Amino acid sequence: MKRIEVCAAILHHEGRILATQRGYGDFKDGWEFPGGKMEPGETPEECIVREIKEELNVDIVPEALLTTVECDYPAFHLTMHCFWSAIAANEQVELLEHEAAKWLLPSELDAVQWLPADLEVVDCLKKRLNPQGTALE
Ligand SMILES: Nc1nc2c([nH]c(=O)n2[C@H]2C[C@H](O)[C@@H](COP(=O)(O)OP(=O)(O)OP(=O)(O)O)O2)c(=O)[nH]1
């Protein structure tokens, strides 16, 4: 089966986490953590910084690897590295590829329709976030 390796950012800001809605492709309208496929020669950290600049036009700092999920989709196997990441102060995300975005409180994480692979990431977040959403425990 085809395999793809992706990096995603769990962007946190003032106790909220960013969910973005895909604007194109097979998973159009599904909600995800922004990011994309690794390129040859790139580290996961370089990949996530590049992808977020391309998709949201902001600079981020990947602070910790929250989790790596493995998921079998009908057409490929996905490996996704999810980085707990800070966004530089005073930066506003610009939706260059997504059709919508929401800054969710930890208690609102179930309010959007996540892509299948993301359910495991959301579970992991719920276990690790403190109620204020300010830090990983
Ligand atoms: N970015 C991202 N992709 C996810 C998530 N969950 C999930 O199943 N995926 C899947 C959807 C896509 O098949 C794949 C990511 O590919 P992508 O299309 O975003 O990658 P890319 O930006 O490099 O895009 P492209 O140039 O190939 O269009 O991973 C997620 O939370 N974030």
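To be clear, the structure that these remarks concern was listed above.
Residues numbered from 1 in each chain as written. Predicted model: local features only at pLDDT ≥ 70, side-chain atom pairs only at ≥ 80, totals over all residues. Heavy atoms only, no water.

A.B. asks: Help me out: how do you make sense of the overall build of the protein chain in this one?
C.D. replies: Secondary structure summary: the protein chain contains two helices and seven strands in total. On C-alpha atoms alone, the protein chain measures out to a radius of gyration of 14 Å, which is about the 14 Å that the 2.2 N^0.38 rule sets for 137 residues. The principal-axis extents of the C-alpha atoms in the protein chain amount to approximately 40 × 25 × 25 Å. In the protein chain, of all internal contacts separated by at least 6 residues, the share reaching a separation of at least 24 is 67%. As displayed, the protein chain offers around 7,200 Å² of accessible surface, 50% of which is attributable to carbon and sulfur atoms. In the protein chain, the 12 positive side-chain charges and the 26 negative ones have mean positions that sit 4 Å from each other. (Helix = DSSP H or I, 4+ residues; strand = E, 2+ residues; numbered from the N terminus. Rg over C-alpha atoms; globule rule 2.2 N^0.38 Å. Contact = heavy atoms within 4.5 Å. Areas by Shrake-Rupley, 256 points an atom, 1.4 Å probe, with all protein chains shown as cover. Lys, Arg positive; Asp, Glu negative; His and termini not counted. Charge placed at Lys NZ, Arg CZ, Asp CG, Glu CD.)

A.B. asks: Could you clarify how one ought to interpret the side chain of Asp118 in this entry?
C.D. replies: Here Asp118 shows up in helix α2 (residues 118-128). A distance of 3.5 Å separates a polar side-chain atom of Asp118 from the backbone nitrogen of Phe33. (Polar contact = N/O pair within 3.5 Å; in protein donor to acceptor, adjacent residues only side chain to side chain.)

A.B. asks: What is the right way to read a negative patch on the surface from this model?
C.D. replies: A cluster of acidic residues, Glu5, Glu70, Asp72, Glu120 and Asp123, forms a negative patch on the protein surface. Counting only elements with at least two residues in the negative patch, the list comes to β5 (60-72) and α2. When you line up the elements, Asp72 lands in strand β5. (Patch = residues over 30% accessible without salt bridge, like charges linked within 9 Å, V, L, I, M, F, W, Y side chains within 5 Å. Salt bridge = Lys/Arg side-chain N within 4 Å of Asp/Glu carboxyl O.)

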